[in-house]
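Now for the letters of each chain:
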Amino acid sequence: MKCLLCNDWIESVPKLRDLITFNQREEYSCVSCKNQFKKLSKERCQNCNKELHRDTCIDCKFWMKKGYIPSHLAIYRYEENMKDYFSRYKFMGDYCLRKIFQQDIKNNLKPFFKKGYTIVPVPLSEERLVERGFNQVEELIEGIPYQDIFEKRDIEKQSSKTREERLSQDNAFCLKKGIDVPDKIIIVDDIYTTGSTLYQMVQLLEGIGIKEVLTFSLAR
């Protein structure tokens, strides 16, 4: 198989566990390409996972003033290589790239399945879904059971907004009518920047009495 990122052939080296279980691993990127993405270091905010070298990050101080303390988990740092990845996958529509991080996400979400959490992806508006052709978050968790409980109205793209505009915007989400909302939820997004998207969704859930809400993203 060829690497989905650089198109070179992948030299797959089977692991002992796979040989014992006769499991054939599917690799979608070569080692060189995958190593370009930087995982978050241990020095990060205990609330939102932002890398930092002090006790509390500026983002969380802002949310704390609103009475909200994030409980967020992430895997990778949102740096240039990750930006290039999302440019190709999310904005240029390179659908195959959804495969690159699916196993990482599944491994990180697996402990929450056992704890009874329901996976809830961040939705796209109908207009944005038609424009893009797929919901990039839902495709990142392909094969993982999830529940779609939110709707989103069409707004200006987050990527085109300034930090201040993102933090001050009105709630673009609402809960779908006639659905049973789970008691324990982990909301999944692709990228955590200011946290405004996830804050809006958490507020809706807390407004109907859901107390156990965590958030997760591939990149922070």
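Quick summary incoming for the structure in this document. What you are looking at is a predicted structure, and each value in this text was computed from that prediction instead of being measured.

## Observations concerning the overall build of the chain
- Looking only at helices and strands, the chain has nine helices and six strands in total.
- A buried classification covers 44% of the 220 residues belonging to the chain.
- Here the chain has roughly 12,600 Å² of accessible surface; of this, 48% comes from carbon and sulfur atoms.

## Things to note about helix H9 (residues 196-207)
- The terminal C-alpha atoms of H9, which comprises twelve residues, lie 16 Å apart, in line with the 16 Å expected from a rise of 1.5 Å per residue.
- When H9 is considered as a whole, its buried residues turn out to be Ser196, Thr197, Leu198, Tyr199, Gln200, Met201, Val202 and Leu205.

## A closer look at the packing of aromatic side chains
- Under the defined criterion, the tally for this structure stands at 15 aromatic pairs.
- With centroids separated by 5.7 Å and ring planes inclined at 25 degrees, the aromatic side chains of Tyr85 and Tyr89 adopt a geometry described as stacked. Note that Tyr85 and Tyr89 are positioned in helix H4 (residues 80-91) at a spacing of four residues, about one turn of the helix. Like Tyr85, the residue Tyr89 is buried in the burial classification.
- Here Tyr89 and Phe134 contribute two aromatic rings whose centre-to-centre distance is 5.5 Å and whose plane-to-plane angle is 35 degrees, an arrangement assigned as tilted. A residue pair is termed long-range when its members are at least 10 positions apart, and Tyr89 in helix H4 and Phe134 in the loop between helix H6 (126-132) and helix H7 (136-140) qualify at 45 residues. Across the pair, exposure class does not vary: Tyr89 and Phe134 are buried alike.
- Aromatic rings pair up to connect Phe37, Tyr76, Tyr78, Tyr85, Phe86, Tyr89, Tyr95, Phe101 and Phe134 into one cluster.

## Thoughts on the sheet that holds strand E2 (residues 118-121)
- The strand order E1-E6-E5-E2 describes an open sheet built from four strands, whose pairing is parallel. If you trace the sheet from one side to the other, it starts and ends with strand E1 (72-76) and E2, each paired once. Each strand axis lies, on average, 25 degrees off the axis of its neighbour in the sheet, ignoring direction.
- Contacting E1, strand E5 (184-191) and strand E6 (212-219), H4 crosses the sheet at an angle of about 95 degrees to E6.
- Running at roughly 165 degrees to E5, H9 makes contact with E1, E2, E5 and E6 of the sheet.

## Structural notes on the nonpolar core
- Of all hydrophobic cores here, the largest spans 33 residues; its most connected members are Met82, Tyr85, Phe101, Ile105, Leu109 and Leu218.
- Only E1, H4, helix H5 (102-114), H7, E5 and E6 provide two or more residues apiece to this core.
- If you look at the next biggest cluster of nonpolar residues, it comprises 24 residues, including Cys57, Cys60, Ala172 and Leu198.

## Re the environment of Pro121
- The residue Pro121 is located in strand E2 in this model.
- Overall, Pro121 belongs to the buried group, its relative accessible area being 1%.
- Once the C-alpha coordinates of Pro121 and Tyr146 are considered, the two residues, 25 residues apart in sequence, prove to be 7.3 Å apart.
- When sequence neighbours within four positions are dropped, the list of residues in contact with Pro121 reads Val137, Glu138, Ile141, Tyr146, Gln147, Val188 and Met201.

Criteria and cut-off values
- Residues numbered from 1 in each chain as written.
- Predicted model: local features only at pLDDT ≥ 70, side-chain atom pairs only at ≥ 80, totals over all residues.
- Heavy atoms only, no water.
- Helix = DSSP H or I, 4+ residues; strand = E, 2+ residues; numbered from the N terminus.
- Buried < 20%, exposed > 50% of the residue type's maximum accessible area, 1.4 Å probe, protein only.
- Areas by Shrake-Rupley, 256 points an atom, 1.4 Å probe, with all protein chains shown as cover.
- Expected span 1.5 Å × (residues − 1).
- Phe/Tyr/Trp six-rings, centres within 6.5 Å; stacked < 30°, edge-to-face > 60°.
- Pairing = 2+ DSSP bridges.
- Axes fitted to C-alpha atoms, helices over the stretch in contact; angles between N-to-C directions.
- Contact = heavy atoms within 4.5 Å.
- Core = buried A, V, L, I, M, F, W, Y, C linked by side-chain atoms within 4.5 Å.

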